[in-house]
Amino acid sequence: MSIHRRQISRRTMLAGAAALGLTGTSAACGGSDDDSGESGGPVKLTYWSWAPNMEKVAAIWNKKNPDITVTVSKQGSGAEILTKVITAKKAGNAPDLIQAEYQSLPTLVSNDVLADISKYVGDAKSDFAENLWDMVTLGTDAVYGVPQDSGPLMFYYREDLFKKHGLTVPKTWTEFAETARAARKALPDAYLTTFSSSDPGLFAGLTQQAGAKWWTVDSGGKWTVGIDDAASRKVAEFWGGLVQEGVLDNQPMYTPAWNNALNKGTHIAWVSAVWAPGVLVSSAPDTEGKWRMAPLPQWKAGENVTGSWGGSSTGVSTDSDHAEAAAKFAHWINTDPEALAALVKEVGIYPAATKGQSGDVLTTPAFFPNQKDFYTTAAEIAATTATAAWGPNVQTAYTAFNDGFGKAAKAKKEAQFTSALSTMQSKTFDDMKKQGFEVTEA
Amino acid sequence: MTSAPLKGSDRVSVGPLADGTGTAKSVRPSRPRRSGRSAPYWFLVPTLVLFAAFTVIPVGYAVWLSLHKVQVKGIGLGKGAREQVWNGFGNYADVLQDSEFGHSVLRAFGYGLIVIPTMLGLALVFALMLDTPKARSAPFARLAIFLPYAVPGIIAALMWGFLYLPDVSPFYYLLRMFDLPQPDLFDGGNLYLSFANIAVWGGTGFNMIVIYTALRAIPPDIYEAARIDGASSLNIALKIKIPIVMPSLVLTFFFSVIATLQVFTEPMALKPLTNGLSTTWSPLMAIYDSAFLKSDVYGASATAVVLALATFVLSFTLLRISDRYTREDRA
């Protein structure tokens with residue numbers, strides 16, 4: 001789904017001006033039905049989601065639960081649904097159920113959009129890995145959503161080209177750098193991969209692996225912004241150094257040129273998440289069966305940690321008159337075996353629930369016929385995901401990332417990578433301070 | 001929209017003047033006259049209601065928003081963590097001090113300096129050429145020049161973006177084949193040319209049609225008279241046609257200036273393709289960023305109001321200048 005999220009996001013962003021006109025009207029028609037429920041008829045719930053085919057999963061629920069009817073309303077993704085939900089909340093009209101990306105949760109909670117549903121779904125904790133559950137609680141006793149899907153980071157590489165040119169699959173980032181140099185020597189027209197300044201989510205995941213905590217809340221009720229911490233700086237220096245050295249490409253991902261590079265084999269590896277097969281199938285259609293997935297390279301040999309890129313949860317809005325019914329649905333769709341199977345099959349996501357990560361439903365991706373144990377390996381990697389720490393103004397940090405790292409990547413200067421990171425820190429901190437948050441810098 | 005009802009009210013006021021003689025006036029019963037007086041307002045009602053609902057109220061709301069901000073308390077989570085408070089002109093002060101917004105305005109002007117003269121120059125030349133009696137297959141040429149305007153801006157931008165990318169562009173394929181230098185069209189100054197090219201490609205046709213229509217409205221006997229006086233085609237174009245279509249040129253110029261300040265589609269569509277384009281490249285992108293990415297409708301409203309005021313001031317100043325210029329011309 002993260003795949004779809006990204007692509008839709010790019011496309012719909014362009015229609016930005018149109019969105020201005022739409023926000024008001026769709027907010028008005030997406031609201032919860034106050035007049036149902038009480039009169040004895042079925043409870044009617046509205047569910048805002050951007051995932052394709054989500055209505056098919058809701059249909060299974062509706063068949064089984066005639067007293068609670070869920071209607072899926074298709075939305076734009078990423079920042080779009082976020083702005084729209086916040087606007088709808090202001091009008092007292094937010095939908096009952098909301099698909100929310102993990103990094104949006106603090107923003108939504110800060111805008112009082114998401115209700116605390118701990119009393120309804122608290123026992124679901126055991127269904128999920130700790131790092132995922134921590135993201136929906138924001139480190140508090142409250143629960144603001146039920147995890148739906150996750151995107152643990154992995155290392156994808158062209159098995160055929162690696163074999164042909166005697167390249168080693170890197171186990172550590174040091175080996176990654178060596179492989180990048182070796183690849184450049186063996187294939188002068190190609191790069192191992194690229195550093196993309198348009199994908200802050202990937203960079204965030206890589207820093208999580210290194211141990212970064214971008215936003216934290218202390219017990220005294222104060223935020224700490226730690227974007228420019230030692231772990232993140234290590235990651236920025238590493239990638240910046242390789243770009244400056246000329247052994248990594250510097251073009252953004254998700255462009256026609258990038259698709260071409262993957263398809264032609266001028267990018268021979270990709271640091272991506274578990275949903276990568278779905279992207280490769282459309283970006284690099286000629287390379288079926290040539291890729292292989294391995295765990296993400298580590299900072300220290302023998303370690304076993306990864307970060308994540310993407311993923312979302314199901315939350316219940318504070319405007320909902322049927323919070324309990326909505327929470328029941330949120331619980332069901334993300335933990336019930338039948339629902340999980342439908343999410344995998346129809347929506348194409350990698351489920352967050354631990355029991356959803358094994359079993360017959362997750363068959364080998366059609367694009368990876370050579371890797372029969374794809375999802376067994378994926379589940380092992382997913383279990384090692386580091387906890388992400390998100391704050392209430394992720395978008396400000398992401399915009400600063402795009403601009404700062406864009407310039408740095410273009411200039412191919414390592415020093416600019418680190419200065420971009422400190423700009424990202426100061427912009428995020430200043431923005432929080434200006435809004436009135438109690439905040440300090442790490 | 002408003003011009004039609006205004007004409008209507010003019011016509012009504014002509015009534016009493018027309019029936020000049022006093023006797024006729026006293027014979028007329030007063031009731032139909034009173035209803036006649038209110039009639040124009042009834043005609044105005046639909047326009048006024050729509051104008052209020054879709055322009056006055058939203059603009060007023062934006063202005064109101066621009067004077068407020070959200071104040072977060074403490075950790076800022078949960079109910080009551082955010083409060084909308086009065087901010088006076090705080091947002092405006094922020095906009096005016098924001099160097100990124102200032103740069104985006106300068107970039108828009110730089111872009112306009114390339115687009116407007118090129119686009120209007122080409123439109124004028126094409127219109128004049130189509131208007132010469134010797135022009136062959138004029139209807140086809142007219143359609144061909146106009147056609148790019150019918151392509152939605154976003155599609156045009158994506159298509160050109162594709163053509164600008166070295167790895168997928170057929171142009172670069174040819175350049176490589178003949179070992180010619182391959183410019184980076186997304187770099188620094190080239191970026192302006194790349195955007196301008198899309199705008200000129202898409203906008204020339206529309207402006208050409210506006211000017212061409214004005215040219216067709218000129219009575220042909222003027223040309224006959226000029227030819228009898230020995231004027232060449234070039235002379236007719238320079239000394240008769242251009243001065244007569246000047247109002248159309250001024251009009252297209254205004255449209256272009258406003259479109260320039262509002263440039264959005266091209267940079268937004270090309271942004272994901274390159275590292276060289278910031279999130280706030282153009283003024284509208286800066287507004288989009290704060291309203292739809294950062295959910296700061298307050299700051300975005302203030303920026304939008306500043307941009308709208310700047311556009312008004314610019315338009316009226318230019319109008320004043322062109323007015324004076326044409327008046328002196330007449331004298």
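Residue positions within a chain follow its written sequence, with the count starting from 1. By the order in which they are written, chains take letters starting at A while ligands take numbers starting at 1. Local features are withheld for residues below a pLDDT of 70 in this predicted model, meaning they are given only at 70 or higher, and side-chain atom pairs are given and counted only at 80 or more; totals for whole chains, interfaces and linings count all residues. Here the side-chain values reflect all heavy atoms present in the structure, with hydrogen atoms and water set aside.

Colleague: What's the story with the overall build of chain B in this structure? I'm lost.
Modeller: Working definition: helices are DSSP H or I runs of at least four residues, strands are E runs of at least two. Numbering for both runs from the N terminus. When you go through chain B residue by residue, the secondary structure sums to 15 helices and two strands. For each residue, the accessible area found with a 1.4 Å probe, counting protein chains only, is set against the maximum for its type, and the residue is called buried under 20%, exposed over 50%, and partly exposed in between. Expressed as a percentage of its 331 residues, the buried residues of chain B come to 37%. Counting contacts in chain B only where the partners sit at least 6 residues apart, residues at least 24 apart contribute 64% of the total. Where accessible areas are quoted, they stem from the Shrake-Rupley method and a 1.4 Å probe; at the residue level, only the protein chains shown are allowed to cover. Of the roughly 19,400 Å² of accessible surface on chain B, a fraction of 69% belongs to carbon and sulfur atoms. Contacts are residue-level and defined by heavy atoms, with any inter-residue pair within 4.5 Å sufficient.

Colleague: Honestly, the overall build of chain A in this entry has me stumped. Any pointers?
Modeller: Summing up its helical and strand segments, chain A has 18 helices and ten strands in all. The buried share of chain A, taken over its 442 residues, is 61%. When the accessible surface of chain A is totalled, it reaches about 16,000 Å², and 51% of it is carbon and sulfur.

Colleague: Got a minute to help me understand the interface of chain A and chain B in this structure?
Modeller: Often the size quoted for an interface is simply the accessible area lost on bringing the parts together. Chain A puts 44 residues into the contact, and the matching count from chain B is 44 residues. The term buried area means the drop in 1.4 Å probe accessible area that two parts suffer when joined, counted for both and summed. Of the roughly 3,600 Å² buried between chain A and chain B, counting both surfaces, carbon and sulfur atoms make up 56%. Salt-bridge detection follows one rule: a side-chain nitrogen of Lys or Arg within 4 Å of a carboxyl oxygen of Asp or Glu. Put simply, chain A and chain B have five salt bridges between them. The shortest N-O distance in the salt bridge between Lys427 of chain A and Glu100 of chain B comes to 2.7 Å.

Colleague: It is not clear to me how helix α7 (residues 130–137) of chain A should be interpreted in this structure. Could you clarify?
Modeller: The periodicity of an α-helix, 3.6 residues per turn, causes residues three or four positions apart to be oriented the same way. All names here are of chain A. Among the eight residues of α7, six are classified as buried, and the element is accordingly described as predominantly covered. Among all positions in α7, only Asn131, Leu132, Trp133, Met135, Val136 and Thr137 are buried. Those residues of α7 that are buried are in contact with α5 (105–110), α6 (118–121), β4 (146–158), β9 (308–316) and α16 (374–382). Of the residues flanking the end of α7, it is Leu138, one or two places downstream, whose phi is positive at about 55°.

Colleague: Any chance you could explain the confidence of the model for chain A here in plain terms?
Modeller: Atomic detail in the predicted coordinates should be set aside for any region of low pLDDT. All names here are of chain A. Confidence of the prediction at every residue is given by pLDDT, a number between 0 and 100. Looking at chain A as a whole, its pLDDT mean stands at 89, while 91% of the residues score no less than 70. Averaged pLDDT values over the elements of chain A bottom out at 36 in helix α2 (residues 16–29) and peak at 98 in helix α11 (residues 230–245). Across residues 1–38, where pLDDT falls below 50, the model places 78 contacts with residues more than four positions away in sequence or in other chains.

Colleague: Looking at this model, I keep getting lost on the packing of aromatic side chains. Mind explaining?
Modeller: Centre distance and the angle of the planes are the two values used to describe a pair of aromatic rings. All names here are of chain A. Within 6.5 Å between ring centres, the rings of Phe, Tyr and Trp (the latter by its six-membered ring) count as paired, and their orientation is classed by plane angle as stacked under 30 degrees, edge-to-face over 60, tilted in between. Inspection of the entire model under this criterion finds 53 aromatic pairs over all chains. Ring centres 5.9 Å apart and planes at 20° place the aromatic pair Phe155 and Tyr157 in the stacked group. When sorted by exposure, Phe155 lands in the same class as Tyr157, which is buried. Measuring from centroid to centroid gives 6.0 Å for Phe155 and Phe176, while their planes differ by 80°, and the two rings are edge-to-face.

Colleague: What is the right way to read the side chain of Asp127 of chain A from this model?
Modeller: Residue placement: Asp127 of chain A occurs in the loop between α6 and α7. Every residue in contact with Asp127 of chain A, bar those within four places of it in the chain, is listed here: His331, Thr335, Ala353, Thr354 and Lys355 of chain A.

Colleague: Help me understand the nonpolar core, please; the structure alone is not making it clear to me.
Modeller: In terms of nonpolar packing, the biggest core is built from 146 residues, with Phe176, Trp215, Trp239, Trp270 and Phe405 of chain A touching the most fellow members. The dominant element in this core, judged by the number of residues it contributes, is helix α17 (residues 394–411) of chain A, at eight residues. In this structure, this core is formed jointly by two domains, domain 1 (2–151 + 309–372) and domain 2 (152–307 + 389–441) of chain A, each of which donates at least three residues. Every residue in contact with Trp239 of chain A, bar those within four places of it in the chain, is listed here: Trp173, Phe176, Thr193, Thr194, Phe195, Leu206, Leu248, Val271 and Phe417 of chain A. Listed in part, the 33 residues of the second largest apolar core include Ala156, Phe195, Tyr288 and Leu293 of chain B. Only buried Ala, Val, Leu, Ile, Met, Phe, Trp, Tyr and Cys residues count toward a nonpolar core, and they belong to the same one when joined by side-chain atoms within 4.5 Å. Marked domain ranges trace back to an automatic or database domain assignment.

Colleague: When you look at the environment of Ala124 of chain A in this model, what are you seeing that I'm missing?
Modeller: Mapped onto the secondary structure, Ala124 of chain A falls in the loop between α6 and α7. Discounting residues that sit within four places of it in the chain, Ala124 of chain A has contacts with Trp133 and His331 of chain A.

Colleague: What should I look at first to understand the packing of helix α3 (residues 54–64) of chain A against helix α15 (residues 337–347) of chain A in this one?
Modeller: Angle between the axes and distance between the axes: these two values describe a pair of packed helices. Residues and elements named next belong to chain A. Where α3 meets α15, the closest approach of the two axes is 8 Å, and the angle between their N-to-C directions is 155°. What the angle tells us is that α3 and α15 run roughly antiparallel. Between α3 and α15 the crossing geometry is right-handed. Facing Met54, Lys56, Val57, Ile60 and Lys64 of α3, the residues of α15 in contact are Glu338, Ala339, Ala342, Leu343, Glu346 and Val347. Fitted lines through C-alpha atoms serve as axes, helices being fitted only where they are in contact, and the angles separating the N-to-C directions of these axes extend from 0 to 180 degrees. With respect to orientation, any angle under 35 degrees is reported as roughly parallel, any angle over 145 as roughly antiparallel, any angle of 65 to 115 as roughly perpendicular, and every other angle as oblique. Crossing handedness: left-handed means the near helix sits turned counterclockwise from the far one by under a right angle, and right-handed means the same turn made clockwise.

Colleague: Is there a simple way to explain the sheet that holds strand β6 (residues 223–225) of chain A in this structure?
Modeller: In a beta sheet, neighbouring strands are held together by backbone hydrogen bonds and run either parallel or antiparallel to one another. All names here are of chain A. Pairing within the open sheet is mixed, and its three strands lie in the order β5-β6-β10. Edge positions in the sheet fall to β5 (215–217) and β10 (439–441), since each of these pairs with one other strand and no more. Within the sheet, the average angular offset between the axes of one strand and its neighbour, ignoring direction, is 25°. For two strands to count as paired, DSSP must find a minimum of two bridges between them. Sheet topology note: the β6/β10 ladder contains three bridges and is parallel. Bridge assignment links Trp223 to a residue of β10, and that residue is Val439. Sheet strands in contact with helix α18 (residues 414–435) are β5, β6 and β10, and its direction is about 160° off that of β10.

Colleague: Is there a simple way to explain the pattern of salt bridges in this structure?
Modeller: When the charged atoms of two side chains lie near each other, side chains of opposite charge can form a pair. Residues and elements named next belong to chain A. This structure, assessed with the given rule, holds 19 salt bridges over all chains. The shortest N-O distance in the salt bridge between Glu346 and Lys56 comes to 3.7 Å. Linking Glu346 in helix α15 with Lys56 in helix α3, this pair joins segments that are 290 residues apart in sequence. Under the relative-accessibility criterion, Glu346 is labelled partly exposed at 27%.

Colleague: What is the right way to read unusual backbone geometry from this model?
Modeller: With the exception of glycine, most residues fall at negative phi, and the peptide bonds are largely trans. Residues and elements named next belong to chain A. Within the chain, Tyr254 stands out as a residue other than glycine whose phi angle is a positive 60°. Inspection of the secondary structure puts Tyr254 in the loop between α11 and α12 (256–264). With a relative accessible area of 13%, Tyr254 lands in the buried category. Its identity is not glycine, yet Lys412 carries a phi of approximately 55°, on the positive side.

Colleague: Can you walk me through a nonpolar patch on the surface in this structure?
Modeller: Residues and elements named next belong to chain B. Patch construction takes residues with relative accessible area above 30% that form no salt bridge. Like charges are linked within 9 Å, and nonpolar side chains (Val, Leu, Ile, Met, Phe, Trp, Tyr) are linked within 5 Å. On the surface, Tyr173, Leu174, Met177, Phe178 and Leu180 cluster together into a nonpolar patch covering about 550 Å² of accessible area. Position of Leu180 among the secondary structure elements: in the loop between α8 (170–177) and α9 (188–216). Residue classification places Leu180 among the partly exposed residues on the basis of a relative accessible area of 44%.

Colleague: Mind showing me how you'd approach the side chain of Asn111 of chain A here?
Modeller: Residue placement: Asn111 of chain A occurs in the loop between α5 and α6. Among the polar contacts made by the side chain of Asn111 of chain A, one reaches the main-chain carbonyl oxygen of Thr107 of chain A at a distance of 2.9 Å. When sequence neighbours within four positions are dropped, the list of residues in contact with Asn111 of chain A reads Ile86 and Lys89 of chain A together with Arg82 of chain B. Counting of polar contacts relies on pairs of N or O atoms within 3.5 Å, with two restrictions inside protein: one atom must be capable of donating a hydrogen and the other of accepting it, and residues adjacent in sequence are counted only when both atoms are side-chain atoms.

Colleague: Can you walk me through the environment of Glu346 of chain A in this structure?
Modeller: Distance from Glu346 of chain A to Pro52 of chain A, taken between C-alpha atoms, is 8.0 Å for residues 294 residues apart in sequence. Discounting residues that sit within four places of it in the chain, Glu346 of chain A has contacts with Pro52, Asn53 and Lys56 of chain A.

Colleague: How should the environment of Leu421 of chain A be read in this particular structure?
Modeller: Residues and elements named next belong to chain A. Within the element layout of this structure, Leu421 appears in helix α18. In this structure Leu421 comes out as buried when scored by relative accessible area, which is 0%. As a C-alpha pair, Leu421 and Ser232 span 189 residues in sequence and 8.0 Å in three-dimensional space. Setting aside its immediate chain neighbours within four residues, Leu421 contacts Phe203, Ile227, Asp228, Ser232, Arg233, Ala236 and Phe405.

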